[in-house]
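# Close look at the chain arrangement
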Amino acid sequence: MSKRRLLSILGLLTLWEIAALIVHKPFLFPYPFDVLRIMLSQLRNLLFYQSLAATICRMLKGLCMTVILSLILGICSGLSAKFEEYFSSIENVIKTIPNVSYIVVVLLWLKGERSVTVIAFLLLFPTVYSSVLLGMKQVPQEILEISALEDIPLSGRIFKVYWPYLLPYLLSSIKVGFGLGFKVSIMAEILGAVRVGVGREINVARGFMEMDVLFAWTIWIILISLIADRFFDRIIERVKRDGA
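Throughout what follows, the structure given in this document is the object of discussion. (Residues numbered from 1 in each chain as written. Predicted model: local features only at pLDDT ≥ 70, side-chain atom pairs only at ≥ 80, totals over all residues. Heavy atoms only, no water.)

### Quick look at the environment of Ile236
- Among the structural elements, Ile236 can be located in helix H10 (residues 211–243).
- For Ile236, a relative accessible area of 8% puts it in the buried group.
- Between the alpha carbons of Ile236 and Thr14 there is a distance of 35 Å; along the sequence they are 222 residues apart.
- Excluding residues that lie within four positions of it along the chain, Ile236 makes contacts with Leu171, Ser172 and Lys175. (Helix = DSSP H or I, 4+ residues; strand = E, 2+ residues; numbered from the N terminus. Buried < 20%, exposed > 50% of the residue type's maximum accessible area, 1.4 Å probe, protein only. Contact = heavy atoms within 4.5 Å.)

### Here we look at the packing of aromatic side chains
- All told, the structure shown has 13 aromatic pairs when counted by the stated rule.
- Considering the side-chain rings of Phe121 and Phe125, the 6.0 Å spacing of their centres and the 40° angle between planes classify their relative orientation as tilted. One end of the pair, Phe121, and the other, Phe125, are both in helix H6 (residues 112–136), 4 residues apart, so they sit about a helical turn from each other. Taken as a pair, Phe121 and Phe125 share a single burial class, namely buried.
- An aromatic cluster is present here, built from Phe83, Phe87, Phe121, Phe125 and Tyr129 joined pairwise through their rings. (Phe/Tyr/Trp six-rings, centres within 6.5 Å; stacked < 30°, edge-to-face > 60°.)

### Description of the layout of surface pockets
- Here the largest pocket is characterised by a volume of approximately 830 Å³.
- In terms of lining residues, the largest pocket is bounded by 20 residues, among which Ile9, Leu13, Ile219, Ile222 and Leu223 are the most central.
- Looking at the lining of the largest pocket, the elements that each hand over two or more residues are helix H1 (3–23), helix H2 (32–42) and H10.
- Lining the second largest pocket we find Ile38, Ser41, Gln42, Asn45, Leu47, Phe48, Glu201, Val204, Ala205, Glu210, Val213 and Trp217.
- Looking at side-chain class alone, the lining of the second largest pocket contains 7 nonpolar, 3 polar and 2 charged residues. (1 Å grid on protein atoms, 1.4 Å probe; cavity = no way out; pocket = protein on both sides within 12 Å on 5 of 7 lines; lining within 4 Å. Points joined across faces, edges and corners; volume = space filled by probe spheres on them. Nonpolar A, V, L, I, M, F, W, Y, C, P; charged D, E, K, R; others polar.)

### Comments concerning the state of the cysteines
- Under the defined criterion, the tally for this structure stands at 0 disulfides.
- With no disulfide of its own, Cys57 has Cys64 as its nearest cysteine by sulfur position, at a separation of 10 Å.
- The cysteine Cys76 is free of any disulfide, with Cys64 supplying the nearest cysteine sulfur at 20 Å.
- When its relative accessible area of 31% is taken as the criterion, Cys76 is described as partly exposed. (Disulfide = S-S within 2.5 Å.)

### A closer look at the pattern of salt bridges
- Taken as a whole and assessed by the stated rule, the structure comprises 5 salt bridges.
- A salt bridge links Glu84 to Lys137, with the shortest nitrogen-to-oxygen separation between them at 2.7 Å. With Glu84 in helix H4 (residues 81–96) and Lys137 in the loop between H6 and helix H7 (141–149), this residue pair connects regions lying 53 residues apart in the sequence.
- The exposure class of Glu84 is partly exposed, given its relative accessible area of 22%. (Salt bridge = Lys/Arg side-chain N within 4 Å of Asp/Glu carboxyl O.)

### As for the packing of H7 against helix H8 (residues 154–192)
- Where H7 meets H8, the axes come as close as 11 Å, and the angle between the chain directions of the two elements is 175°. Taken together, H7 and H8 sit at an angle that is classed as roughly antiparallel. Contacts between H7 and H8 involve Ile143, Leu144 and Ser147 on the former and, on the latter, Arg157, Val161, Tyr162 and Tyr165.
- Taken together, the residues of the contact of H7 with H8 sort by class into 5 nonpolar, 1 polar and 1 charged. (Axes fitted to C-alpha atoms, helices over the stretch in contact; angles between N-to-C directions. Parallel < 35°, antiparallel > 145°, perpendicular 65-115°, else oblique.)

Right, here's the structure in full:
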């Protein structure tokens, strides 16, 4: 960790401590060490890991569905201008629908755990699809002309010609999708009243006015998102380096 980042964290903790001292109402604004104590106790609780695993699994199901469908439709759009034109109207409709509408409608239709996966899919699809299509359009015209002259079959063109240009954009969209999908899934769990999950634990803490627990879960969400971002950054850097 760099000195600047460490100083930034220490500065934030200091401001948090000062704010907590000014408010002086732990049930409304807890002290940092109280939240740290809760976080350490959560690490010794099996329910903590079960909740995290349930939420991440639901989100990953939605993200996998998104990646698969986005690859199929994005590649089709990249290969066929007519298909892209036809599908663009559907994509525009999906993009313009407010996120809250997706969440409310899906929760009314499905309820429970399945709704979280579907909501994650609907909210992530436009981003991943657009990235796949953008990656397809990065192939230089000269390479496309050479592949046409060599009469390379469609499968060969997709994996040998398009895939190296497409992959970095796909990974970048998955990186964004993981962070966004994780937060959206938690929000859907809170509204959908699931049996196990981070959203349920936040809901329980809210019901009992346990602000220290709410702060603890918020910090865990931030930490997991940061770790995932760093993980995907390393993968993207490696793919770019290998492809250079």
